[in-house]
Amino acid sequence: MYQFRYSVGPWNVHAGADSYGPATRAEITLEEKFARFKALGFDAVQFHDDDAVPNLNDLTEEEIKAEARRVKGLLDKYDLKAEFVAPRLWMDPHTIDGGFTSTSEADRAFAMWRAYRSIDIARELGTDLIVLWLAREGTLCAEAKSPVTATKQLVEAINAMLRYDEHIRVCIEPKPNEPIDRSFCGTIGHVMAVSAATIDPKRVGANLESAHAVLAGLDPANEIGFALAFDKLFTVHMNDQNGIRYDQDKSFGVENLRQAFNQVKVLMENNYGARGEYVGLDVKAMRTTHDEDSYEHLKNSLAIFKAMEQKVKQYDYDYANRLIRERKFEQLEYYTVKLIMGV
Ligand code: XUL
Ligand code: MN
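Just so it is clear, the structure is predicted and the values come from calculations on it, not from any experiment.

Looking at this structure, I do not really get the coordination of the manganese ion (ligand 2). What am I missing?
When four donors bind a metal tetrahedrally, each ideal donor-metal-donor angle is 109.5 degrees, and when six bind octahedrally, the ideal angles are 90 or 180 degrees. The protein atoms that coordinate the manganese ion (ligand 2) are Glu173 (OE), Glu209 (OE), His237 (ND1) and Asp282 (OD), at distances spanning 2.0 to 2.2 Å. Classification of the site at the manganese ion (ligand 2) as octahedral follows from its six donor atoms and the range of 79 to 169° in their angles at the metal. Residue Asp282 is classed as buried on the basis of its relative accessible area of 6%.

Can you walk me through the side chain of Glu223 in this structure?
Examined against the element boundaries, Glu223 turns out to sit in helix 8 (residues 220-229). Although Glu223 is buried, it forms no salt bridge, and the closest oppositely charged side chain is Lys175 at an N-O distance of 14 Å. Residues in contact with Glu223, not counting those within four places in the same chain, are Thr187, Ile188, Leu208, Ala213 and Leu218.

Help me understand the site of ligand 1 in this model?
Taken together, Trp11, His48, Trp90, Trp133, Glu173, Lys175, Glu209, His212, His237, Asp247 and Asp282 form the complete shell of residues around ligand 1. One of the side-chain nitrogen or oxygen atoms of His237 is found 3.0 Å away from an oxygen atom of ligand 1. At 2.9 Å, a side-chain N or O of Asp247 approaches an oxygen atom of ligand 1. If ligand 1 stood free it would expose 290 Å²; the protein chains cover 95% of that surface. Taken together, the residues that form the shell around ligand 1 break down as three nonpolar, three polar and five charged.

Looking at this model, I keep getting lost on helix 1 (residues 30-40). Mind explaining?
Spacing of three or four residues puts side chains on the same side of an α-helix, whose turn is 3.6 residues. Those residues of helix 1 that sit buried are Lys33, Phe34 and Phe37. Along the axis of helix 1, the buried positions cluster into a sector of 100°, meaning they face one direction only. At its buried positions, helix 1 is contacted by strand 1 (6-8), strand 2 (44-48), helix 3 (61-77) and helix 10 (296-314). With its phi angle positive at about 110°, Gly41 sits one or two positions after the end of helix 1.

Rules used in this analysis
- Residues numbered from 1 in each chain as written.
- Chains lettered and ligands numbered in written order.
- Predicted model: local features only at pLDDT ≥ 70, side-chain atom pairs only at ≥ 80, totals over all residues.
- Heavy atoms only, no water.
- Donors = N, O, S within 2.8 Å, 3.2 Å for Na, K, Ca; no water.
- Tetrahedral: all angles 85-135°; square planar, octahedral: opposite > 155°, others 65-115°.
- Buried < 20%, exposed > 50% of the residue type's maximum accessible area, 1.4 Å probe, protein only.
- Helix = DSSP H or I, 4+ residues; strand = E, 2+ residues; numbered from the N terminus.
- Lys, Arg positive; Asp, Glu negative; His and termini not counted.
- Salt bridge = Lys/Arg side-chain N within 4 Å of Asp/Glu carboxyl O.
- Contact = heavy atoms within 4.5 Å.
- Near = heavy atom within 4 Å.
- Polar contact = N/O pair within 3.5 Å; in protein donor to acceptor, adjacent residues only side chain to side chain.
- Areas by Shrake-Rupley, 256 points an atom, 1.4 Å probe, with all protein chains shown as cover.
- Nonpolar A, V, L, I, M, F, W, Y, C, P; charged D, E, K, R; others polar.
- Arc of directions from axis to C-beta.

Put into structure tokens, the structure is as follows:
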């Protein structure tokens, strides 16, 4: 059986600032993060466009590609791959009202410029995958945008990316809210519909983040399964989330072990990873974490994910299938929970 390969983003090791307070830890350089990622057992790095090329707005297209080539050299040095590049369309003064669905035509054009540059960077880093976390593609004021127009704008923006590079794959990471109030593309179901409406649905898939599914009131394993059923799960962001509150990006499995088990189970049952897909983490350290523990949440998430792989390998499918045939779901539930508890 193949081994899962794991990826992580530089933003997953951060200085601890949140919306209500400043940083609590020192910044760490990209190179040091790469070295630690490799030592922890990661195989690939996920990038925002400006993680790879800081201040790219101020650079020419050639300068952007040259800087991306330098980062590729750094990845090679640590024997790491690039998994994807995601345009960071939520921090910029040009995207105050969103990117592809902004009410400003100039800002929509800027969002496309960043999307094309992300594709250029991805090619230099050696990946064909673009992730779109559609942070501000929604409304703060419900009447500010037409959901019909916005959805069509989103499809057209993706079509333009597919035309810009005929080998690139685009992967939407849905989230129902935050930082906007109402997202246009909040669940895997939305992503599948958008994918089907594009000029090349095979090249448009999904990135399921566990926390985002919980924020939508949905089960992450079922969301993963829905994308797998359409052969459109291009990557995952594994983490955890305590109910419907601010986006927490907790370590994988720390809130809901059964839900964690079922995510790993559905991935393994469907040979996720056999075609090179990564198990991506999107986890954040708590603000209270000390500098010397900056990587503990990554280490713990990997350990919990791998422990769940072992649990799935121990799962007695003959017994489970017999219980399913006999409709003995009380026993099936008890068996599953007992296995997870190790008793
Ligand atoms: C936001 C989120 C992002 C994306 C990457 O909730 O999950 O970190 O994963 O742009
Ligand atoms: Mn994410």
